[in-house]
Amino acid sequence: MEKQIKQAMDLLKRSYSPYSKFPVSAVLELKNGKTYNGVNIENAAFGLSNCAERSALFAAYSDGVRKEDIKRIFVYTDHDYFVSPCGSCRQVMRELMEDDALVILLNNRQETKIIKNVELLPFGFSKEDL
Ligand code: THU
């Protein structure tokens, strides 16, 4: 896990967050060990901004990855507390990752908080509801 933590910390500098000045990075790890990077990418039209978690997931899916391939996602911000994925990311992670995939929150003390994907969005909306 140390390798992915370092990767997430190094990745933070690629965040494009001139408006919030709140960089976030995410490293999505597949079951075969391959990783995909994601950072938050903001826009002057604020609503178009994309979170790090979704950036990583969309990059992976664009490359043909599917939920059964994904092991876990690391989410890093340079603070001494943990930043938790926003509601939109929870909804997207719920559909694009398996229920028992792990979401690993990282802080700048190199501490981790590990949560199962399904636990982040109890009673969430899903394609089964359609
Ligand atoms: N952000 C993320 O990238 N992931 C999260 O889990 C929370 C928030 C971004 C969105 C925005 O660019 C900035 O952090 C401030 O909200």
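Going by the structure above, here's the rest.
Every chain is numbered independently, its residues counted from 1 as its sequence is written. In view of the model being predicted, local features appear only for residues whose pLDDT reaches at least 70, and side-chain atom pairs are presented and counted only at 80 or more, with totals across whole chains, interfaces and linings using the full set of residues. Side-chain figures throughout are based on the complete set of non-hydrogen atoms in the structure, without hydrogens or water.

**Q** Any chance you could explain helix α2 (residues 52-62) here in plain terms?
**A** The periodicity of an α-helix, 3.6 residues per turn, causes residues three or four places apart in sequence to face the same way. Only protein chains enter the area calculation, which uses a 1.4 Å probe; residues under 20% of their type maximum are buried, those over 50% are exposed, and those in between are partly exposed. We count a stretch as a helix when DSSP gives it H or I for four or more residues in a row; a strand needs E for two or more, and each element gets its number in order from the N terminus. Of all 11 residues making up α2, eight are buried, and the element is well covered by its neighbours. Among the structural elements, β1 (25-30), β2 (35-39), β3 (70-76) and α3 (87-96) are those in contact with the buried residues of α2. The first or second residue beyond α2 is G64, which carries a positive phi of 100 degrees. Contact between two residues is taken to exist if any of their heavy atoms lie within 4.5 Å; hydrogens are not considered.

**Q** Would you explain the site of the ligand in this entry?
**A** The local shell around the ligand consists of S20, F22, V24, N40, E42, C51, A52, E53, S84, P85 and C86. Measuring from an oxygen atom of the ligand, one finds a side-chain N or O atom of N40 at 2.9 Å. Between the ligand and A52 there is a distance of 2.9 Å, counted from an oxygen atom to a backbone nitrogen or oxygen. For the ligand, whose free accessible area comes to 370 Å², the fraction covered by protein is 79%. In terms of residue class, the shell around the ligand is built from six nonpolar, three polar and two charged. Consider each residue's heavy atoms; a residue with any of them within 4 Å of a molecule or strand counts as near. Polar contacts here mean pairs of N or O atoms no more than 3.5 Å apart (in protein, one a potential hydrogen donor and the other a potential acceptor; neighbouring residues in sequence count only if both atoms are side-chain atoms). Shrake-Rupley sampling with a 1.4 Å probe provides the accessible areas, and residues are treated as covered by the protein chains on show and by no other component. For this classification, Asp, Glu, Lys and Arg are treated as charged, while Ala, Val, Leu, Ile, Met, Phe, Trp, Tyr, Cys and Pro are nonpolar and the rest, including Gly, are polar.

**Q** For this particular structure, what's the right way to read the pattern of salt bridges?
**A** Note on pairing: side chains with opposite charge can pair once their charged atoms come close. Salt bridges are counted wherever a side-chain nitrogen of Lys or Arg sits within 4 Å of a carboxyl oxygen of Asp or Glu. What the rule picks out here adds up to six salt bridges. One salt bridge connects D10 with K6, and the closest N-O pair in it is separated by 2.7 Å. Taken together, the residues span about one helical turn, with D10 and K6 both in helix α1 (residues 2-11) at a distance of four residues. Residue D10 is classed as partly exposed on the basis of its relative accessible area, which comes to 37%. Note that R72 and E29 form a salt bridge whose closest N and O atoms lie 2.6 Å from each other. With R72 in strand β3 and E29 in strand β1, the pair connects residues that are 43 residues apart, well separated along the chain.

**Q** Sorry if this is basic, but what is going on with the sheet that holds β3 here?
**A** Strands in a sheet are paired, the pairing made by backbone hydrogen bonds, and the direction either parallel or antiparallel. Strands sit in the order β2-β1-β3-β4-β5 across an open sheet of five strands; the sheet is mixed. If you trace the sheet from one side to the other, it starts and ends with β2 and β5 (112-116), each paired once. Pairs of neighbouring strands in the sheet enclose a mean axial angle of 20 degrees, with direction left out of account. Here a strand pair is declared whenever DSSP counts at least two bridges between the two strands. As paired strands, strand β4 (residues 102-106) and β5 are joined by five bridges and run antiparallel to one another. Orientation is described by axes fitted as lines to C-alpha atoms, over the contacting stretch for helices, and by angles from 0 to 180 degrees between their N-to-C directions.

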